[in-house]
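Tertiary structure, described
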Amino acid sequence: NAGVTQTPKFRVLKTGQSMTLLCAQDMNHEYMYWYRQDPGMGLRLIHYSVGEGTTAKGEVPDGYNVSRLKKQNFLLGLESAAPSQTSVYFCASSSTGAGEQFFGPGTRLTVL
Amino acid sequence: AQSVTQLGSHVSVSEGALVLLRCNYSSSVPPYLFWYVQYPNQGLQLLLKYTTGATLVKGINGFEAEFKKSETSFHLTKPSAHMSDAAEYFCAVSETPGNQFYFGTGTSLTVIP
């Protein structure tokens, strides 16, 4: 089992560019999450999904969109990147909402 | 809304000394509580969790935590620190199954030889 994988690991964007981060899990989990981690602020939830075809907003959804077309994949999109979106992005999945969340290794994004 | 407070963004202990990392939460209903550890340039790993039952929870690597409802606390302890315990530790709370997690801002643990 690969667990939770994230693509890419690093990315540098210019302001206004767009990109998509891919999260994949092979544990057949229903729930998937996207977080951003910034110094001194812990992890903040961007969007989450409670099953294939569903998405919901988290704490900091502005500037991001997500899609869950397949159960194993959860995509995070930035339509027009801004320097404030420079961060480390983590994807996680869980079998239930109260259960352990399994985290990917993270994507380090820099927006110039 | 939930809030999770981790007192002390940086904690230093000597090797072999007691580790105590504090976590307080606000919740109007019985919460689900978690401690995660993050090593440099890695994702988060679960240390332990409390959902129901015994309030003293044992986790991996010798860590344990006690849920104290009256104090709304879930402090993490380890009797004897090891150099390999140096990492960032996050407390997290979820109110109900299916609900989102709320993370504290993290505590960076340094172990001094």
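Scroll up a little and you will see the structure.
Reference entry: report on the structure contained in this document. Predicted model only: the values in this text are computed from it and were never measured.

The next point concerns the nonpolar core. All names here are of chain B. Trp35, Leu47, Leu48, Phe74, Leu76 and Tyr89 are the most contacted members of the largest nonpolar core, which totals 27 residues. Elements that contribute at least two residues to this core include exactly β2 (10–14), β3 (19–21), β5 (32–38), β6 (44–50), β8 (64–68), β9 (73–78), β10 (87–94) and β12 (107–112). The element contributing the most residues to this core is β10, with four residues. Those residues in contact with Leu47 that sit more than four places away from it in its chain are Trp35, Tyr36, Val37, Gly59, Ile60, Phe63, Leu76 and Tyr89.

Once that is clear, we can look at the pattern of salt bridges. Under the definition given, this model contains five salt bridges over all chains. Glu30 of chain A is paired through a salt bridge with Lys71 of chain A; the nearest N and O atoms lie 2.9 Å apart. Taken together, the positions of Glu30 of chain A in the loop between β3 (19–25) and β4 (31–38) and Lys71 of chain A in the loop between β7 (65–67) and β8 (73–78) put the pair 41 residues apart, joining distant regions of the chain. The closest approach of N and O atoms between Asp85 of chain B and Lys78 of chain B, which form a salt bridge, is 2.8 Å. The residues Asp85 of chain B and Lys78 of chain B share a single accessibility class, namely buried. Look at the salt bridges and you will find they share partners, linking Arg36, Asp38 and Arg44 of chain A into a network.

At the interface, 23 residues of chain A touch 21 residues of chain B. The interface formed by chain A and chain B holds zero salt bridges in total. Summed over the shared surface of chain A and chain B, the result is two residue pairs in polar contact (both at pLDDT 80 or more). Those elements giving two or more residues to the side of chain A that touches chain B turn out to be β4 and β5 (42–49) of chain A. Tallying contributions element by element places β5 of chain A first for the side of chain A that touches chain B, with four residues. Residues belonging to the side of chain A that touches chain B are distributed by class as follows: eleven nonpolar, eight polar and four charged.

Criteria and cut-off values
Residues numbered from 1 in each chain as written. Chains lettered and ligands numbered in written order. Predicted model: local features only at pLDDT ≥ 70, side-chain atom pairs only at ≥ 80, totals over all residues. Heavy atoms only, no water. Core = buried A, V, L, I, M, F, W, Y, C linked by side-chain atoms within 4.5 Å. Buried < 20%, exposed > 50% of the residue type's maximum accessible area, 1.4 Å probe, protein only. Helix = DSSP H or I, 4+ residues; strand = E, 2+ residues; numbered from the N terminus. Contact = heavy atoms within 4.5 Å. Salt bridge = Lys/Arg side-chain N within 4 Å of Asp/Glu carboxyl O. Polar contact = N/O pair within 3.5 Å; in protein donor to acceptor, adjacent residues only side chain to side chain. Nonpolar A, V, L, I, M, F, W, Y, C, P; charged D, E, K, R; others polar.

Any link to function would need more than the numbers given here.
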